[in-house]
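# A closer look at the structure
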Amino acid sequence: MKPGDGWEPMRLLKKAGFTHITFIDAMTNHIGDEELASRLAGLKPDVIGVTAITPSIYKAEKVLGIARDACPQAVRVLGGVHATFMYKQVLSEAPWVDVIVRGEGEEIFTHLVTAIAEGRWPQDRSQIKGLAFRDGEKIVATQAAPTVKDFDAVEADWSMLEWEKYIYVPLGVRVAIPNMARGCPFTCSFCSQWKFWRDYRVRDPKKVVDEIEKLVNEHQVGFFILADEEPTINRKKFIQFCEELIARGLPVGCEWIPDEELRAKPELVKSMSVSPPLGFGRVRLVRIAEVDLQPCGGTHVRNTSEIGAVRVAKIEKKSARTRRVVLEFA
Ligand code: B12
Ligand code: SF4
């Protein structure tokens, strides 16, 4: 797992009173099978949840196989995009998976864990929406659960992470993936995302910036990837998001590095068409708090709020994957 992967459900679980949660990131911590088995046996959990995208599905199935041997009393749950679509195949090839949570995990997982805690598992499982499980030789999928309607309330439980382990290598800073939107208004035939999230929902940009600010202040995160398929589709919200970020008044500072260091770190150059002035022995880098660091020889404000109010004038499509956001003074 990496920051963002599948753990929004944890926050809702805690809210529902299930506070005894342990998060194990076996991938990041290079935890081998034996060590994992002994940690699970020591924890004696009631429920074990694992996430997977397609490339990690066999590993995830194996982890739940280890869980079956290490703590057979626990209910073994698999969630995430692969199992959601491929539940028949997964339950056939890994019959030790007790149940699959299909789609958004927050509410379904809370209903499932509540049923387990109240002793209603497995007899009530067919009443819980959004599940798939084996019933003898049959594979049963219950009715699809509704999507999460109060998307603004969705915020990951970032306190569960050992932050020093989640580094965006090119910049050497901590990385997080806040959720800005779910779904997509388009329906490209090759894409799973609109089908997975179903309703297209965008969070209140102010709340996303609040979350980013908290991640910067509380966990010293320096790099963000927005979990959002196409942030510029909802222009109004994306513009609000940019304006809100600017309005937070993040400090702007300067640092100097030798020319050789910049040559060794080409990733610091973000604007392909403007190369930084080399040949003077050292290059000035401009740092905007933990948000940005790049070479620039021009004049700068000390704080983004000194710029005053700005608005996004237009968003130009420069290529299939690149947008230019043009700002102007309000
Ligand atoms: C940001 C991102 C990245 C980032 C960070 C990845 C990371 N590991 O965090 C980067 C750029 C590194 C990346 C890389 C890759 N990515 Co990517 N990525 C995304 C993106 C845009 C957002 C991920 C996210 O944070 N989503 C928000 C979280 C909350 O969603 P979620 O994890 O699915 O969890 C929800 C449910 O699935 C469920 N759930 C999930 N797990 C569990 C577990 C339990 C027990 C329960 C109950 C519920 C549950 O509940 C959650 C809340 O509702 C998604 C698309 C998307 N919008 O999700 C693609 C996506 C996950 N990536 C995808 C792919 C293919 C990859 C790569 C394999 C690409 C490649 N060829 O290299 C690599 C794999 C890297 C890796 N080892 O993880 C695909 C996976 C498709 C598939 N068939 O599985 C996706 C879905 C995009 C797509 N449609 O193509 N990715
Ligand atoms: S996320 Fe991208 S590829 Fe998928 S439906 Fe939307 S526009 Fe198409």
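Residues numbered from 1 in each chain as written. Chains lettered and ligands numbered in written order. Predicted model: local features only at pLDDT ≥ 70, side-chain atom pairs only at ≥ 80, totals over all residues.

### Some points on unusual backbone geometry
The residue after Trp121, namely Pro122, is reached through a cis peptide bond having omega 5 degrees. Mapping Pro122 onto the fold places it in the loop between α6 (105-117) and β4 (131-135). One non-glycine residue with positive phi stands out, namely Lys44, at about 45 degrees. Take Lys44: it is sitting in the loop between α2 (33-43) and β1 (47-51). Under the C-beta neighbour-count criterion, Lys44 is labelled exposed, with 10 such atoms within 10 Å. In the Ramachandran plot, Gln220 falls in the positive-phi region, its phi being about 50 degrees despite a non-glycine side chain. Inspection of the secondary structure puts Gln220 in the loop between α8 (205-219) and β10 (221-224). The class of Gln220 is exposed, set by 12 C-beta atoms lying within 10 Å. (Helix = DSSP H or I, 4+ residues; strand = E, 2+ residues; numbered from the N terminus. Buried ≥ 20, exposed ≤ 12 C-beta atoms within 10 Å, placed from the backbone.)

### Topic: the environment of Leu78
Considering the arrangement of structural elements, one finds Leu78 in strand β2 (residues 75-79). As a C-alpha pair, Leu78 and Trp96 span 18 residues in sequence and 11 Å in three-dimensional space. Sequence-distant contacts of Leu78, defined by excluding residues within four places in its chain, comprise Val50, Ala52, Ala60, Leu64, Ala83, Val90, Val97 and Ile100. (Contact = placed C-beta atoms within 7 Å.)

### Examining the confidence of the model for the chain
Averaged over all residues, the pLDDT of the chain is 89; the fraction at 70 or higher stands at 95%. Segment residues 1-6 is flagged for pLDDT under 50; beyond a separation of four residues in sequence, or across chains, it makes 18 contacts in the model. (pLDDT = per-residue confidence, 0-100.)

### So, α8
Between its first and last C-alpha atoms α8 spans 20 Å; for 15 residues at 1.5 Å apiece the expected length is 21 Å, and the two agree. Turning to α8, its buried residues are Pro205, Val208, Val209, Glu211, Ile212 and Leu215. Axial view of α8: buried residues confined to an arc of 155 degrees, hence all on one face. Exposed side chains of α8 directed beyond 90 degrees from the buried face belong to Asn217 and Glu218. In this fold, the buried residues of α8 make contact with β7 (173-176), β10 and α9 (235-247). (Expected span 1.5 Å × (residues − 1). Arc of directions from axis to C-beta.)

### Regarding helix α3 (residues 57-70)
Taking 1.5 Å as the rise per residue, α3 with 14 residues should run 20 Å; its terminal C-alpha atoms sit 20 Å apart, in good agreement. At its buried positions, α3 is contacted by α2, β1, β2, α4 (81-85) and α5 (87-93).

### Quick look at the sheet that holds β7
Read from one edge to the other, the open sheet built from 3 strands follows the order β6-β7-β10, with strand pairing classed as mixed. Single-partner strands in this sheet number two, and they are β6 (167-168) and β10. Note: β6 against β7, 2 bridges, orientation antiparallel. If you follow Ile167 over to β7, its bridge partner there is Arg174. Its contacts with the sheet place α8 against β7 and β10, and it is angled at close to 145 degrees to β10. (Pairing = 2+ DSSP bridges. Axes fitted to C-alpha atoms, helices over the stretch in contact; angles between N-to-C directions.)

### Here's the deal with the sheet that holds strand β12 (residues 282-288)
Strand order in this open sheet of 3 strands is β11-β12-β13, and the pairing throughout is antiparallel. Every interior strand has two partners, whereas the edge strands, β11 (252-258) and β13 (292-295), have only one. When the angles between neighbouring strand axes are averaged without regard to direction, this sheet yields 25 degrees. Taken together, the 7 bridges between β11 and β12 define a ladder with antiparallel strand orientation. Bridge assignment links Pro258 to a residue of β12, and that residue is Arg282.

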